[in-house]
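# Analysis of the macromolecular model
The lines below spell out each chain.
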Amino acid sequence: MTTHLTRGLVALAFMVLSVAGAGGADAANRTAAPKTVVLVGASIGEGWKIERLAERTGLEGYALRHVALYEFDKTPAIEALLRSAQKPDVVMIKECSTYFPGDLVEYRRKVAVWVRMLREAGVQPVLVTTAPLGAPEGAVERGKSGLKRLLGRDSAADGIAAFNDWMKAYAERERIPLFDLEAVLRRGAGERWMKPEYDSGDRVHLNAAGYRAMDRAFAQFLSGTPALRTER
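Anyway, here's the lowdown on the structure attached to this text. Computed from a prediction, not measured in an experiment: that's the story for all the values here.

Below, the discussion takes up helix H9 (residues 208-224). Helix length check: H9 (17 residues) gives 24 Å between terminal C-alpha atoms against 24 Å at 1.5 Å per residue, within 8%. The set of residues buried in H9 consists of Gly210, Tyr211, Ala213, Met214, Asp215, Ala217, Phe218, Ala219, Phe221 and Leu222. At the N-terminal end of H9, a side-chain oxygen is found 3.1 Å from the backbone nitrogen of Ala209, two or three residues along, and the residue is Asn207.

Turning our attention to the packing of helix H5 (residues 104-120) against helix H7 (residues 156-174). Relative to each other, H5 and H7 sit at 35 degrees, their axes nearing to 11 Å. Crossing of H5 against H7: the hand is right-handed. Between H5, through Leu104, Tyr107, Arg108, Val111, Ala112, Val115 and Arg119, and H7, the contact on the second element is made entirely by Gly159, Ala162, Phe163, Trp166, Met167, Tyr170 and Glu174. The class makeup of the residues in the contact of H5 with H7 is ten nonpolar, one polar and three charged.

For the structure on display, the rule yields 13 salt bridges. Taking the shortest distance from any N to any O, the salt bridge between Arg186 and Glu182 comes out at 3.1 Å. Judged by its relative accessible area of 15%, Arg186 is buried. Between Arg192 and Glu182 there is a salt bridge, with its nearest N and O atoms 2.6 Å apart. A residue pair is termed long-range when its members are at least 10 positions apart, and Arg192 in strand E7 (residues 191-194) and Glu182 in helix H8 (residues 181-185) qualify at ten residues. The exposure class of Glu182 is buried, given its relative accessible area of 1%.

What counts and how
Residues numbered from 1 in each chain as written. Predicted model: local features only at pLDDT ≥ 70, side-chain atom pairs only at ≥ 80, totals over all residues. Heavy atoms only, no water. Helix = DSSP H or I, 4+ residues; strand = E, 2+ residues; numbered from the N terminus. Expected span 1.5 Å × (residues − 1). Buried < 20%, exposed > 50% of the residue type's maximum accessible area, 1.4 Å probe, protein only. Polar contact = N/O pair within 3.5 Å; in protein donor to acceptor, adjacent residues only side chain to side chain. Axes fitted to C-alpha atoms, helices over the stretch in contact; angles between N-to-C directions. Left-handed = near helix turned anticlockwise from the far one by under 90°. Contact = heavy atoms within 4.5 Å. Nonpolar A, V, L, I, M, F, W, Y, C, P; charged D, E, K, R; others polar. Salt bridge = Lys/Arg side-chain N within 4 Å of Asp/Glu carboxyl O.

Printed below as a string of structure tokens:
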């Protein structure tokens, strides 16, 4: 009887250890491979230093990097990422304010093509709204902006606002995660200029405070978006 009891205890212990070992292996597998996220952008994206986001925010579970392409058409960068031996899990697409007002019809068509390319390759697309411009300073700059409106011509700020509005509607319709960078940086919903405390001084690029605001908002975005969360 003692022998049977001993054997039973040994078997039970082995079973417990096996289950624990399997659970440990599963946990190791979940934490071994971080989710790879690539931001395709230009100057603001490069200045963000997204690859060091974990150091600044404590965010874990992601391998982040930036690919710079200084033109609106991001097709070459996306094609290169999809041809790579290890495709990223997520590709974020961000355009700079310098490409506006631009051809909005063509811009929208290209974004839709990029989304289709990524989805067909099994990569999660994420759209990023364009950062707003700083408000024009001085009578000359304000005069130029007013003159364009009188002539029925869109300003860069008008083009950015129209593009961002379309991006948000398109992302909602297509169920694509969207990081609303404009909302993070602008003065308010009715005043779509960059907050002066985030402006580097050229009305286009961000200072350190602007990038800190991006860090906080993006960390919340990642952790709050089910399609992008990691098993941590």
